[in-house]
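Read off the chains here:
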Amino acid sequence: MSTATSTTGNAHAHQADLFQGEMFDNTIKILETAGNAVGCDPNVLERMKRPKKAVIISVPVRMDDYRVKVFTGYRVQHSSTLGPYKGGIRYHQDVTLSEVAALATLMTFKCSLLNLPLGGGKGGIAVDPSKLSRTEKQNMTRRYTSELGTLIGPDVDIPAPDMGTDAQTMAWIMDTYSQELGFAQPGVVTGKPVEIGGSLGRAGATGLGVVFIAEKALEKLGMKMAGSTFVIQGFGNVGTHAAINAFNRGAKILAVSDVSGGLHNPNGLDIPDLLRYVAENKVIKGYTKAEPISNEELLQLNCDVLAPCAMENQITEANAAKISCKVVVEGANGPTNNAATKILHERDIMICPDILANGGGVIVSYFEWVQGIAHFFWSEEEVNNRMKGIITNAFDKVWELRTEKKLDMRTAAMGQSVRRLERAMLLRGLYPR
Ligand code: GLU
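Anyway, here's the lowdown on the structure attached to this text.

Definitions and limits used
Residues numbered from 1 in each chain as written. Predicted model: local features only at pLDDT ≥ 70, side-chain atom pairs only at ≥ 80, totals over all residues. Heavy atoms only, no water. Helix = DSSP H or I, 4+ residues; strand = E, 2+ residues; numbered from the N terminus. Rg over C-alpha atoms; globule rule 2.2 N^0.38 Å. Buried < 20%, exposed > 50% of the residue type's maximum accessible area, 1.4 Å probe, protein only. Contact = heavy atoms within 4.5 Å. Areas by Shrake-Rupley, 256 points an atom, 1.4 Å probe, with all protein chains shown as cover. Lys, Arg positive; Asp, Glu negative; His and termini not counted. Charge placed at Lys NZ, Arg CZ, Asp CG, Glu CD. Pairing = 2+ DSSP bridges. Axes fitted to C-alpha atoms, helices over the stretch in contact; angles between N-to-C directions. Near = heavy atom within 4 Å. Polar contact = N/O pair within 3.5 Å; in protein donor to acceptor, adjacent residues only side chain to side chain. Core = buried A, V, L, I, M, F, W, Y, C linked by side-chain atoms within 4.5 Å. Parallel < 35°, antiparallel > 145°, perpendicular 65-115°, else oblique. Left-handed = near helix turned anticlockwise from the far one by under 90°. Nonpolar A, V, L, I, M, F, W, Y, C, P; charged D, E, K, R; others polar. Phe/Tyr/Trp six-rings, centres within 6.5 Å; stacked < 30°, edge-to-face > 60°.

### Some remarks on the overall build of the protein chain
When helices and strands are tallied, the protein chain shows 16 helices and 12 strands. Taking 2.2 N^0.38 as the reference for a compact globule, 433 residues should give roughly 22 Å; the C-alpha atoms of the protein chain span a radius of gyration of 21 Å, in line with that estimate. C-alpha extents for the protein chain along the principal axes are approximately 60 × 55 × 50 Å. In the protein chain, which comprises 433 residues, the proportion classed as buried is 56%. Long-range contacts, defined here as pairs at least 24 residues apart, represent 67% of the contacts in the protein chain between residues at least 6 apart. Surface accessibility of the protein chain: about 18400 Å² in total, with carbon and sulfur atoms responsible for 51%. Across the protein chain, the centroid of the 46 positively charged side chains sits 4 Å from that of the 45 negatively charged ones.

What follows is the structure, encoded as structure tokens:
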């Protein structure tokens, strides 16, 4: 930012610039539009636009060749009005403060929309985890956790997996936190391995939730899951579970992609077979029972459901006019930017937005936290049924508001979420007044 701005004493502009970035700015615009659409109190809306706390952490790591590398990590805590901060930790080379702030903001509104007693947070380290050995990844995770110190905790802020992190990463965080405390505290993270207090169904929860939402959207379009066609971008935790759950319900998966490229089979991919291939080869590249396809071509395939389950900013003004699906179900956070959202809506393509469509993960994280507190664990069937109840109920609420106020789904989802948070913020008030 310019020195001129910082010396004007405009603290407001100063703060905004710290977080500025495409995804954060997009998120704040959605919030503003939705807040105005539901008549949100302007003072409350102003507070919602700013994350409450953000830390930048230098994470020194002893590499396998004995050299020390210093990585930059972040944790942004957006809102704790409704409960402890909640949200994943991302390891990716493109992680920035701005991106983490955008993701933390989305978590607040995701938890609010889903009626969970949780706030929103997010963490990340700017690193390509595929370039780290297991030991290096463990060292980095443990040092990051110890630097976070009391900023995380079962009543404070509860991390979970996100891109580049998994159940093993959560186990290291839980262990480091517990070592420093002197006793086991599984409640500090969710998405842990089941053996140390994780929940059944957590690993597949986000992908399963994507399918529950796709089913609701298809129903509104007068269609059924069985016989519908899917294209799935991303074949990591979210994409693989979305694919297998859609496949098991009779949908045809026309194409999938991962970092190594894309695969297309107009007759539908044999997902269990492909998953076996990936278990052995790590990536989908080289699988012979489908044709290779580029990422760009994959997004433009004619299908009923397009599920972007990879990264933000995949559907933009550059390709939105060529998207050829009936509904976009956002398994990733922020995969469609605001310009593309506008184009898709003009073309009558429905969007089931991220805070609704990928909420299955944090819903089951909430269940994991509850089961941990109660020391009483549920069956996978109970977990999945309860998750379905919450996510489909949220869909119905969003649909109601969309119809009542003639909004698009993204604005309606954010609007529904803003309403709950607004009431809570007004009830708690501003301290000191
Ligand atoms: N990282 C996931 C998300 O973006 C899950 C967060 C959680 O379970 O806390 O929703």
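The discussion continues.
### A closer look at the sheet that holds strand β6 (residues 229-233)
The strand order across the open sheet built from 7 strands is β9-β8-β7-β6-β10-β11-β12, with neighbouring strands paired in mixed fashion. Edge positions in the sheet fall to β9 (291-293) and β12 (350-352), since each of these pairs with one other strand and no more. The mean angle between the axes of side-by-side strands here comes to 20 degrees, regardless of whether they run parallel or antiparallel. Where strand β7 (residues 252-258) and strand β8 (residues 261-264) come together, 4 bridges link them in antiparallel fashion. Within β8, the residue paired with V256 across the bridge is L263.

### What about the site of the ligand?
Lining the immediate environment of the ligand, one finds 14 residues, of which K86, K110, K122, D162 and S365 sit closest. In the model, an oxygen atom of the ligand is placed 2.7 Å from a nitrogen or oxygen of the K86 side chain. Between the ligand and D162 there is a distance of 2.8 Å, counted from a nitrogen atom to a side-chain nitrogen or oxygen. Expressed as a share of its isolated accessible area of 300 Å², the protein-covered part of the ligand is 94%.

### Section: unusual backbone geometry
Cis peptide bonds are those with omega within 30 degrees of zero, and the linkage from Y431 to P432 qualifies with -20 degrees. Locating P432 in the fold gives a position in the segment after α16 (409-428). Even without a glycine there, the phi angle at D348 is positive, about 65 degrees. Inspection of the secondary structure assignment puts D348 in the loop between α12 (338-346) and β12. Assessed through its relative accessible area of 73%, D348 is described here as exposed.

### Digging into the nonpolar core
Of all hydrophobic cores here, the largest spans 94 residues; its most connected members are M48, F230, I232, V329 and C352. For this core, the element with the most residues is helix α5 (residues 97-113), which contributes 11 residues.

### A short note on the packing of helix α6 (residues 134-148) against helix α7 (residues 167-181)
In the contact formed by α6 and α7, the axes pass within 9 Å of each other and the chain directions differ by 45 degrees. Taken together, α6 and α7 sit at an angle that is classed as oblique. Judged by the twist between their axes, the crossing of α6 over α7 is right-handed. Contact with α6, carried on its side by R134, K137, Q138, T141, R142, T145 and S146, involves Q168, T169, W172, I173, D175, T176, Y177 and E180 of α7 and no other residues of that element. Broken down by class, the residue content of the contact of α6 with α7 amounts to 3 nonpolar, 7 polar and 5 charged.

### Quick word on the sheet that holds strand β1 (residues 53-62)
Taken in spatial order, the 5 strands of this open sheet run β1-β2-β4-β3-β5, and their pairing is mixed. Of all the strands in the sheet, the pair left with one neighbour each is β1 and β5 (157-161). The average angle at which neighbouring strand axes cross in this sheet is 25 degrees, direction not considered. Note: strand β3 (residues 85-92) against β5, 5 bridges, orientation parallel.

### So, the packing of aromatic side chains
The final tally for this structure, using the stated rule, is 6 aromatic pairs. Arranged with centres 6.3 Å apart and planes meeting at 45 degrees, the rings of Y366 and W369 form a pair that is tilted. One end of the pair, Y366, and the other, W369, are both in helix α14 (residues 360-374), 3 residues apart, so they sit about a helical turn from each other. Comparing Y366 with W369 shows no difference in burial state: the two are buried. An angle of 10 degrees between the planes, with centres 5.9 Å apart, marks the rings of F395 and W399 as stacked. In this pair, F395 and W399 are both assigned in helix α15 (residues 380-405), 4 residues apart and thus about one turn of the helix distant.

### A look at the environment of S257
When you line up the elements, S257 lands in strand β7. Spatially, the C-alpha atoms of S257 and G234 are 5.2 Å apart, while their sequence positions differ by 23 residues. Setting aside its immediate chain neighbours within four residues, S257 contacts I232, Q233, G234, F235, G262, I284, N295 and L298.

It is worth stressing that arrangement in space is one thing and function is another; only the former is reported here.
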